[in-house]
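Examination of the molecular architecture
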Amino acid sequence: MKQQTRTLADRQAKPLTKLLLGVLTWIVVLIFFFPVLWMALTGLKSETDANTSTPHFIFKPTFAQYASVWKGAGGLNGLPPYLEHSVIVTVVSTLLVLLLALPAAYALSIRPVRKWRDVLFFFISTKMLPVVGAIIPLYLIARNLHLLDHVLLLIILYTAINLPIAVWMLRSFLLEVPAEVIEAARVDGAGLVRQLRRVIIPIISPGLAATALICFIFAWNEFFLAVNLTTVNGATVPIYLVGFVQPEGPFLAHLSAAATIACLPVLLAGWAAQDKLVRGLSMGAVK
Amino acid sequence: MVNVVDSAPPVPKVRTARPGRRRSESWIRRVPLVPALVFMFIVTQLPFVLTLWYSFQRYNLNFPTAPRDFPTFWNYAQIFGDHIFRTAVLNTVLLTAVPVIASVVIGVGIALLLNRYVFGRGFLRTLIISPFLVMPTAAALVWKFTILDTTFGVLNFFLRPFGLGNTNWIGQHSQLTIIAFLTWMWTPFMVLLSLAGLQSQGEDQLEAARVDGAGSWRIFRALTLPQLRPYIELGVLLGSIYIVQAFDGIYIITAGGPSTDTTNLPYYIYQTAFQAYDIGRASAMAVIVVIATILIATVALRLISSIFSEEGMRGR
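**Focus on the overall build of chain A**
- The number of helices and strands found in chain A is 14 helices and zero strands.
- Starting at the N terminus and ending at the C terminus, chain A contains elements arranged as α-α-α-α-α-α-α-α-α-α-α-α-α-α.
- Over its C-alpha atoms, taken along the principal directions, chain A stretches across nearly 70 × 70 × 35 Å.
- Evaluated residue by residue, chain A yields a buried proportion of 50% over its 287 residues.
- Put simply, of all contacts in chain A between residues at least 6 apart along the chain, 77% involve residues at least 24 apart.

Following this line, the structure appears as structure tokens:
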């Protein structure tokens, strides 16, 4: 991606065609990006500038909305507690996923168990099953265990959501570790934990990072489980967002500022690690 | 949930195990797998067994003391006479198939554009992945209130010169709204996959075809499209898995409405369970959805295992 090689099609095309295709590319991409840009812009407006039928493209930017999102205003809570829940749930579930997935991926690639193929497909088949198929018992079990509206509940469930993806991804990275390296460590008498720590993890650390990124994205953005199983004490950022839509009074700038904060962590991480995204999203199929 | 794996065609073995290894060794090999397997089993399979059990009861949280009549087929009988359920099935198909197809077509198109030399290509690539990264909840709210709103929405402002400035998109074109939202969100995913596919294409092969006098369209049909095929298949497969469960956008933008125009199965089950508190009926619907999913997934898994064959796919 980084090397901007001129492909054959480029060299053959007429200059005008090239220019038009370039302009078209920019227009199409900007249309797709526009909602994100509009969200960021509206968040920097005053409510007077945001709530107009003729949109203001030129305005005096203000961070007032960000301040009130942070502190809470007009009977609304501030964002920090929700942000805290989101961070805890995302970080802990991602760590748990890696902790469970790495040994499992090892047993499915480097020293495979006998029915490794069936196990691999068991993991992926759980991903195909609709969450609605489990939400009712999950709700009732959580209620009986007093786990409703608790971060621990979301931690467990997000781990389950991301574990299959992580197993598939990590397996694809483990398959690339040279067999001789692991064999040498084993001959030296290294057990599983030492093999992982001394040999494997250093080699596949980019893969671990890519896996963590994907888990982070899915956990941070998850809504269905959060909205059905939490209200206040375990509620994450998406719940905060839907909670403060007010039927009366202008709130567009306020909403946009909150939405921008909510999107920023994943946007920044995704932009920074974009060359790792394809492999992660395809669960390791596309290298 | 249920093992749909047996029918999957063989994937080439990566490292063949030595024959005649001892029993104890095969147990040691399983140890690293156990925590993940047990965890997944408890969290994803157990609830489904309970769903199945509830589906044969008349169980409504509004009437906790009412007799549950276990076992009863009452819930299933209700569902088969329920026209909203049929609508929800059709809506699910429509609101999955159209966004998947649209995002693949647009995604391949954008990938073809971005695969050329374009000024600021890296920057454009960074921008195009954004819709997929933003929190769906946040995006849905922004779409609903700042873009699609009849009065304050910026879309109607742009459309005013074309005489469409007063369109009530969410109210009058709710299905189109949801389709557009899902397509917008999933196109970047298809772009990334297609770009990976395009970059795995050999330049010399294209060069040879061109020397032989093949036109752009023929090269696209005969060389590029077959090259992209596994990437597109993977995109369709993974896109469908996620889009069929679409909930955030529907919950926020249309709330399944107007009437039941955008009520898909996840949303209808959500309404039955968490607004009508009819646990029995919602469970029965969930069971039907899961059975349908297993049937479809059996086919899908065959496709996956052919995609994830040993050679893998090379991109970038």
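There is more to say, and it comes next.
**Examining the overall build of chain B**
- Across its full length, chain B carries 15 helices and zero strands.
- Here chain B, with 316 residues, has 44% of them falling under the buried criterion.
- Contacts spanning at least 24 positions in sequence make up 74% of the contacts within chain B whose residues lie at least 6 apart.

**Overview of the domain arrangement of chain A**
Residue and element names in this part refer to chain A.
- Per the domain assignment, the segments making up chain A are domain 1 (8–71) and domain 2 (80–281).
- Inter-centroid distance (C-alpha atoms) of domain 1 to domain 2 is 31 Å.
- Across the boundary between the two partners, domain 1 contributes 14 residues, which contact eleven residues of domain 2.
- Those elements that place two or more of their residues in the side of domain 1 that touches domain 2 are α2 (15–43), α3 (47–50) and α4 (64–71).
- By residue number, the principal contributor to the side of domain 1 that touches domain 2 is α4, which donates five residues.
- For the side of domain 1 that touches domain 2, a count of residues per class yields six nonpolar, six polar and two charged.

**So, the environment of Ile110(A)**
Residues and elements named next belong to chain A.
- If you trace the backbone, Ile110 turns up in the loop between α5 (80–107) and α6 (116–128).
- Spatially, the C-alpha atom of Ile110 lies 53 Å from that of Leu252, the residues being 142 residues apart in sequence.
- Once residues lying within four places of it in the same chain are set aside, the contact partners of Ile110 are Leu174 and Ile182.

**Quick look at unusual backbone geometry**
- Its identity is not glycine, yet His146(A) carries a phi of approximately 55°, on the positive side.
- On the basis of neighbour count, His146(A) is assigned to the exposed category, with 9 C-beta atoms found within 10 Å.
- Positioned with a positive phi, Ser259(B) is a non-glycine residue whose angle comes to about 55°.
- Secondary-structure assignment places Ser259(B) in the loop between α13 (248–254) and α14 (265–274).

**A short note on the environment of Leu155(B)**
All names here are of chain B.
- If you trace the backbone, Leu155 turns up in helix α8 (residues 154–159).
- In this structure Leu155 comes out as buried when scored by C-beta crowding, with 21 C-beta atoms within 10 Å.
- Between the alpha carbons of Leu155 and Trp143 there is a distance of 9.5 Å; along the sequence they are twelve residues apart.
- Beyond its immediate stretch of four places on either side in the chain, Leu155 contacts Ile147, Leu148 and Trp169.

**Focus: the environment of Tyr270(B)**
All names here are of chain B.
- With respect to the helices, strands and loops of the structure, Tyr270 is situated in helix α14.
- By the C-beta count within 10 Å, which is 23 here, Tyr270 ends up buried.
- In this structure the C-alpha to C-alpha distance between Tyr270 and Leu33, which are 237 residues apart in sequence, comes to 34 Å.

**Remarks on the confidence of the model for chain B**
Residues and elements named next belong to chain B.
- Confidence in the prediction of chain B, expressed as mean pLDDT, is 84, and 89% of residues score 70 or more.
- When the criterion is pLDDT under 50, residues 1–17 qualifies, and its contacts beyond four places in sequence or with other chains add up to 37 contacts.
- Interface confidence for the predicted complex, given as ipTM, is 0.88, next to a pTM of 0.87.

**What to know about the interface of chain B and chain A**
- Between chain B and chain A, the residue contacts involve 100 residues of the former and 93 residues of the latter.
- Across the side of chain B that touches chain A, the residue classes tally to 72 nonpolar, 16 polar and twelve charged.

**Remarks on the nonpolar core**
- Ranked by internal contacts, the top residues of the largest apolar core, which has 181 residues, are Ala101(A), Ala166(A), Val167(A), Ala258(A), Ala259(A), Ala138(B) and Leu192(B).
- When residues of this core are sorted by domain, at least three fall in each of domain 1 (8–71) and domain 2 (80–281) of chain A.
- Every residue in contact with Ala138(B), bar those within four places of it in the chain, is listed here: Leu241(A), Ala259(A), Ala262(A) and Cys263(A).

**Description of the packing of helix α4 (residues 83–114) of chain B against helix α10 (residues 174–199) of chain B**
All names here are of chain B.
- At their nearest, the axes of α4 and α10 sit 6 Å apart, and the two run at 45° to each other. Compared by their axis directions, α4 and α10 come out oblique. As for how α4 packs across α10, the hand of that crossing is right-handed.
- A breakdown of the residues in the contact of α4 with α10 according to their chemical character gives 19 nonpolar, six polar and no charged.

**Regarding the packing of α2(A) against helix α7 (residues 136–147) of chain B**
- Viewed as axis vectors pointing N to C, α2(A) and α7(B) meet at an angle of 75°, and their least axial separation amounts to 10 Å. Relative to α7(B), the element α2(A) is oriented roughly perpendicular. In this structure, α2(A) uses Pro35(A), Trp38(A), Met39(A) and Thr42(A) to contact α7(B), whose residues at the interface are Ala139(B), Val142(B), Trp143(B), Thr146(B) and Ile147(B).
- Each residue belonging to the contact of α2(A) with α7(B) can be placed in one class, and the counts come to seven nonpolar, two polar and no charged.

Conventions we followed
Residues numbered from 1 in each chain as written. Chains lettered and ligands numbered in written order. Predicted model: local features only at pLDDT ≥ 70, side-chain atom pairs only at ≥ 80, totals over all residues. Helix = DSSP H or I, 4+ residues; strand = E, 2+ residues; numbered from the N terminus. Buried ≥ 20, exposed ≤ 12 C-beta atoms within 10 Å, placed from the backbone. Contact = placed C-beta atoms within 7 Å. Domains from an automatic or database assignment. Nonpolar A, V, L, I, M, F, W, Y, C, P; charged D, E, K, R; others polar. pLDDT = per-residue confidence, 0-100. Core = buried A, V, L, I, M, F, W, Y, C linked by C-beta atoms within 7 Å. Axes fitted to C-alpha atoms, helices over the stretch in contact; angles between N-to-C directions. Parallel < 35°, antiparallel > 145°, perpendicular 65-115°, else oblique. Left-handed = near helix turned anticlockwise from the far one by under 90°.

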